Amino acid sequence: MAEVPNLEGTAAQEAGIEGSDRKDIPPGARVRTSEWEGTFEALSARDSSEGLGPADLEALGEAAWWLSHLSECTSARERAVAAYVADGQSPQAAVVALRLFYTFSVRGESAIATGWLRRATRLLEREPEGVEHGQLALAEARVARARGDADRELSCAERAIALGHRFGDPDLVALGQYIEGRLLVRRGEVFDGMATLDEAMLSATQGELGPMATGQVYCNVIAACQELGDLPRAAEWTEALRGWCESQPVSVFPGLCHVHRAEVMRLRGAWDEAEREALHASEDLHEAMPAFASEALYQLGEVQRQRGELDAAELTFRRASDFGREPQPGLALVRLARGKADAAAASVRRALAQESNRLMRARLLAAQVEMAIVGDDLAAARGAAGELAEIASAYGSVALDAAAALAQGRVELAGGEASAALGSLARAWELWQAADCPFEAAETRRVLGLACRAVGDADGAELALSSALAAFERLGAKAEAGRTAELLGTGRSVAGLTSREVEVLRLVAAGKSNREIAAELYLSVKTVARHLSNIFCKIDVSSRSAATAFAYEHGVIDQA
């Protein structure tokens, strides 16, 4: 068997924490922390005085895992495998070996994980087919996903489901179903995929699964909803997960709950709560599950970016990268906000070149549209918007449709098709509102205001920009509120200039370059240069310094 690829980078999107639950724990059981503590203390004491047999060593490892005593957990499980093998109990030894495979794989220790998976495979080679072979199939599905082999992953999931039905193991069935469901969604078979995920979730909510499988199903169904952009369903299941987590012992599951809530709360505009959830998660998971800690840090970076705290956001995105999370598009958007459009665009192009998952590409493509427009590459912007529209059409979620409509509106506005942009942007705004994403809705309303101004609708522009400003102020997005306030102050005509030319003149007077003005107004650099040429002609000047003096003389600066 080849070495298992580094699985850490996949963990934030698939919570393959452990295998299915021990069969001595009744399905749906909720074990109190005090019970795990009692088990851990009693078995540790016996181990020190007289030693433990293989079953008790396995139980000690289980208790240690739920209490987040990771080194004790690993040690007990390694000893349990050896003890089971010595007793000739190969199937039981294989189950514990698979537990160790998961433990090391989510910590990014791929070589060790490879060894334990190979050990489990060898131990089951000559054994009659049973539940243990289904658990091995789940582990092999995880390896196939890390390699990008979706066909192999699906085959392994289907084998686990079949063995689960054959031997009456609901954990195997549900764990295989969530893998199958996510694969179907990624292939564009959204209806069948979500139905499969809902069936797995039903088993979890009805108490048919053990605690470990319940947590895995919850986490992975929520991750699938977030990946798809089904934000209402993700929020609903996240609340259900929080209730379940609070009933469980202190383990990684509360940390995973914080990760999911951080994203939901950020998208809803509850940034203080999102920040708290992300900080809790990164602290709880940085040792046991660094990939999930990195996702929590990424969400924290997004909160900071949207607030306009660019220095803090950059640092946080870098920390997320240190833990293995791709920092794009968040870090690139920080670069763009600082006027470094070329660096931002290069980072997103690199990330797109490495990403084949269409749902993950969608987030990168939305950012690429902004950066290509600022970089005066309308062809690239149109290409990115076109691919994003294809993805949205294939998957049909509200958030994807909203992102695609906004991208299309940006391209149309930058290309001088303001009338067409009005329709795209109005649809995007309605969709973001329906998805309960206030920051994205405000951002879209601001671009809509610029489109209104471009077609001469001063009242429509004022209404849209005022609404966007109020929303940014409510959210605490200070930088975006400031940008919008500046745009609101440039509606009055001066010396025969159009409203768009006044906007450009004001930003010239503020010392901004053509590229920075393009980013501010969602225009191409060539369009900004054309506006500037018209301005020079109308006010009879030949330099930016003279234009700046004119702006101060005629009160353009004071209009903000």
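Here goes a summary of the coordinates provided. (Residues numbered from 1 in each chain as written. Predicted model: local features only at pLDDT ≥ 70, side-chain atom pairs only at ≥ 80, totals over all residues. Heavy atoms only, no water.)

**A closer look at the overall build of the chain**
Link 1 in the chain: Looking only at helices and strands, the chain has 29 helices and zero strands in total.
Link 2 in the chain: Its C-alpha atoms give the chain principal-axis dimensions of roughly 95 × 40 × 40 Å.
Link 3 in the chain: By residue count, 59% of the 560 residues in the chain fall in the buried class.
Link 4 in the chain: Taking the intrachain contacts of the chain between residues at least 6 apart in sequence as the baseline, contacts between residues at least 24 apart amount to 64%.
Link 5 in the chain: As presented, the chain carries roughly 21400 Å² of accessible surface, and 49% of it is formed by carbon and sulfur atoms.
Link 6 in the chain: Within the chain, the 82 negative side-chain charges are centred at a point lying 4 Å from the centre of the 59 positive side-chain charges. (Helix = DSSP H or I, 4+ residues; strand = E, 2+ residues; numbered from the N terminus. Buried < 20%, exposed > 50% of the residue type's maximum accessible area, 1.4 Å probe, protein only. Contact = heavy atoms within 4.5 Å. Areas by Shrake-Rupley, 256 points an atom, 1.4 Å probe, with all protein chains shown as cover. Lys, Arg positive; Asp, Glu negative; His and termini not counted. Charge placed at Lys NZ, Arg CZ, Asp CG, Glu CD.)

**Here we look at the nonpolar core**
Link 1 in the chain: Counting 165 residues, the largest nonpolar core has Phe101, Val217, Leu241, Phe253, Met371, Trp432 and Leu505 as its most contacted members.
Link 2 in the chain: Considering each element in turn, this core owes the most residues, eleven residues, to helix 21 (residues 398-414).
Link 3 in the chain: One finds Ala274, Ala468, Leu475 and Ala481 within the second-largest nonpolar core, a separate group that totals 15 residues. (Core = buried A, V, L, I, M, F, W, Y, C linked by side-chain atoms within 4.5 Å.)

**Re unusual backbone geometry**
Link 1 in the chain: Of note, the amide linkage connecting glutamine 328 to proline 329 takes the cis form, showing an omega dihedral of 10°.
Link 2 in the chain: Tracing the sequence through the fold places proline 329 in the loop between helix 16 (310-322) and helix 17 (330-337).
Link 3 in the chain: Even without a glycine there, the phi angle at aspartate 436 is positive, about 60°.
Link 4 in the chain: By the element assignment, aspartate 436 lies in the loop between helix 22 (418-434) and helix 23 (438-454).
Link 5 in the chain: Classification of aspartate 436 by relative accessible area gives partly exposed; the value is 41%.

**Here we look at the packing of aromatic side chains**
Link 1 in the chain: Here the structure, examined in full by the defined rule, presents six aromatic pairs.
Link 2 in the chain: On the basis of an interplanar angle of 65° and a centroid distance of 5.6 Å, the ring pair of phenylalanine 439 and phenylalanine 472 is categorised as edge-to-face. Here phenylalanine 439 is found in helix 23, whereas its partner phenylalanine 472 is found in helix 24 (residues 458-475), with 33 residues between them in sequence. In this pair, the class of phenylalanine 439 matches that of phenylalanine 472, namely buried. (Phe/Tyr/Trp six-rings, centres within 6.5 Å; stacked < 30°, edge-to-face > 60°.)

**Some points on helix 20 (residues 378-395)**
Link 1 in the chain: For helix 20, with 18 residues, the first-to-last C-alpha span of 26 Å sits near the 26 Å given by 1.5 Å per residue.
Link 2 in the chain: Turning to helix 20, its buried residues number three or more, namely Leu378, Ala381, Ala384, Ala385, Leu388, Ile391, Ala392 and Tyr395. Projected onto a plane normal to the axis of helix 20, the buried residues spread over an arc of 145° and lie on a single side. Every exposed residue of helix 20 that faces more than 90 degrees away from the buried side is listed here: Ala379, Glu390 and Ser393.
Link 3 in the chain: Packed against the buried residues of helix 20 are helix 9 (170-186), helix 10 (190-205), helix 11 (211-228), helix 19 (358-374) and helix 21. (Expected span 1.5 Å × (residues − 1). Arc of directions from axis to C-beta.)

Keep in mind these values describe shape, not function.
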